[in-house]
Amino acid sequence: MPKLRGEAFWRETLRGAHYVVAPMVDQSELAWRLLSRRHGAQLCYTPMLHAQVFLRDANYRRENLYGEACPEDRPLIVQFCANDPEVFVQAALLAQDYCDAIDLNLGCPQMIAKRGHYGAFLQEEWDLLQRMILLANEKLSVPITCKIRVFPEIDKTVKYAQMLEKAGCQLLTVHGRTKEQKGPLAGVASWEHIQAVRKAVSIPVFANGNIQCLSDVEECIRKTGVHGVMSAEGNLHNPALFEGRNPLVWEMAEEYLEIVQKYPCPLSYVRAHLFKLWHHTLQVYQQLRDELAKVKTLEGIVDVNRELKLRCQEEMANQKEGEKPKEGLPFFHWICQPYIRPGPKERCKENGTKGTEKGVRGKRSLEEEEDGNSELLSKNKQKKKLRNPNKTFDPSLKRHGLLFKTKYEKSLLWQSSQRAIPAPELSGRGDGDGKETAALEDTDGTV
């Protein structure tokens, strides 16, 4: 049977999917994909897989794809990061029988991608990308797709997309941020760039960025004309986003934990998901936040989840008539809802710049330390921080005899210039470990 291409591939193989769950490192595993599909998601991506590791390591293949075969988990696209045509295609050949398409990650903006020379850091190497996609299109039995970030210039972004299409890309996901737009500098994704790409290519286009609820999805499709919309952070905080519902957090958490019992995954994945789902509640019950961070078994996580549910139900029972949500939330904290990450100035207030607020652990909240993002504290430093909560891991405090601005300082200057107000005074300290945190809908930061 000939390989379907472009519109036919999207319409028949992907069943005309409009609602898409993004590839997210340590977060779009099988159990989470199944939960998302039960609540409106029509297409899912695996977490980003490293082509070279996938090619050489049988255990990595089994843990990330082979051991997860599930008829309910289709259509499915497997995403790889790679920078070598042969390695990419050989890895894809090993994966093609377990999915409906192979995606090349050209969008990851994180430092690990820069060091590994993949993701968004390949976006200037058009000759290499053409060779990778041409070879994959020739050798694979399933279509090749790409996920990209935009250039600042719309014209260059359009030419980039057209080059990928000409090379053989059959579907393009466009994250409407540049590779520099991440962490405190994330800003708003440009639907204008996405619309321009959609008009310039004949293959299907998915949009990514600025998605917090179903009305955002509908507005994005209307404004850009894309075939589908991809969600990352919005999906993590509300897996029923594509249903247009805001369910009780414990309903989603309990359902997810039941799926994990059937389709196990590393405990760190489960913990990270519960930190996302319970984010607003964990700001209220910080002792339970600490317990969730330290628990060592799935049964222990289930117990913490049960206790959070009981606390919320007790709070609901004691509610006064006409009482409204606190902290400016659209819903009460026990309801699934979007989380907008604070800017650098607000983050200092939220996490306690001087570390004097009760219950604050250093510069970053525990759920951010546990969410699986490689650009936060390393696992080793996370463990050290739990043992020594008052110890600083801020590299800007170390004396190297060099004068430089931290990314936090740069972000403050950038934000002040955007608002046309004087830059606030800087204390000379960076934000925690001097690294940026993942941004809302920063799919390529989590994946």
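As the structure is a computational prediction, the values presented were derived from the model and not from experiment. Every chain is numbered on its own, with residues counted from 1 as its sequence reads. For a predicted model such as this one, the threshold for reporting local features is a pLDDT of at least 70, and the threshold for listing and counting side-chain atom pairs is 80 or more; totals across whole chains, interfaces and linings nevertheless cover every residue. Side-chain measures here rest on the full set of heavy atoms in the structure, leaving out hydrogens and waters.

## What to know about the packing of aromatic side chains
In this scheme Phe, Tyr and Trp rings, the latter by its six-membered ring, pair at centre separations within 6.5 Å, and the angle between planes marks the pair as stacked below 30 degrees, edge-to-face above 60, and tilted otherwise. Summed over the entire model, instances satisfying the criterion amount to 9 aromatic pairs. Geometrically, the ring pair formed by F54 and Y66 is edge-to-face, given 6.1 Å between the ring centres and 85° between the ring planes. Of this pair, F54 sits in helix 3 (residues 51-56) while Y66 sits in the loop between helix 4 (58-64) and strand 4 (76-81), and the two are 12 residues apart along the sequence. Relative accessibility under 20% of the residue-type maximum defines a buried residue, over 50% an exposed one, and the middle range a partly exposed one, all with a 1.4 Å probe and only protein chains included. For F54, a relative accessible area of 0% corresponds to the buried category. Relative accessible area serves as the criterion here: at 26%, Y66 is assigned to the partly exposed category. Where helices and strands are cited, they refer to DSSP runs of H or I of at least four residues and of E of at least two residues respectively, numbered from the N terminus.

## Considerations on the pairing of strand 5 (residues 101-106)
Burial analysis of strand 5 places 6 of its 6 residues in the buried class, the great majority of the element. Going residue by residue along strand 5, you find A101, D103 and N105 tucked away on one face and I102, L104 and L106 tucked away on the opposite face as well. Criterion used throughout: strands pair if DSSP finds at least two bridges between them. As paired elements, strand 4 and strand 5 share 4 bridges and run parallel to each other. Bridge pairing in strand 5 places V78 opposite I102.

## Quick word on the confidence of the model for the chain
The predictor rates its confidence in each residue with pLDDT, a number between 0 and 100. Model confidence for the chain is summarised by a mean pLDDT of 84, while 76% of its residues fall at 70 or above. Residue contacts are defined here by distance: any two heavy atoms, one from each residue, within 4.5 Å place the two residues in contact. Note that residues 348-376 has pLDDT below 50 and, in this model, 85 contacts with residues that lie over four places away or in other chains. Of the regions scoring below 50 in pLDDT, residues 395-404 engages in 11 contacts with residues more than four places distant in sequence or in other chains.

## Examining the pairing of strand 7 (residues 172-175)
Side chains of strand 7 alternate between two faces, with L172 and V174 and T173 and H175 buried alike. Judged from the 4 bridges that link them, strand 6 (residues 144-149) and strand 7 form a sheet pairing that is parallel. Among the inter-strand pairings, C146 is bridged to a residue of strand 7, identified as L172. Call a crossover right-handed when, viewed with both strands pointing away from you, the route from the first strand across the helix to the second goes clockwise. Read as a crossover between parallel neighbours, the route from strand 6 over helix 8 (residues 154-167) to strand 7 is right-handed. As defined by bridge partners, strand 7 adjoins strand 8 (residues 205-208) across 4 bridges and the pair is classed as parallel. Its bridge partner lying in strand 8, H175 is registered against N208.

## Focus: the nonpolar core
We define the nonpolar core as a collection of buried residues of types Ala, Val, Leu, Ile, Met, Phe, Trp, Tyr and Cys that are connected through side-chain atoms lying within 4.5 Å of one another. Membership of the largest hydrophobic core comes to 112 residues, with the highest contact counts inside it found for F80, F88, I102, L164, L172 and Y256. Looking at this core, the element that brings in the most residues is helix 12 (residues 249-262), giving 8 residues. Where each domain starts and ends comes from a domain assignment, either automatic or drawn from a database. Looking at which domains feed residues into this core, each of domain 1 (6-245) and domain 2 (260-318) gives three or more. Contacts of L172, omitting those with residues within four sequence positions, involve C146, I148, A161, L164, V197, I203, P204, V205 and F206. In terms of nonpolar packing, the next biggest core, distinct from the first, is built from 5 residues, C81, C108, A113 and Y118 among them.

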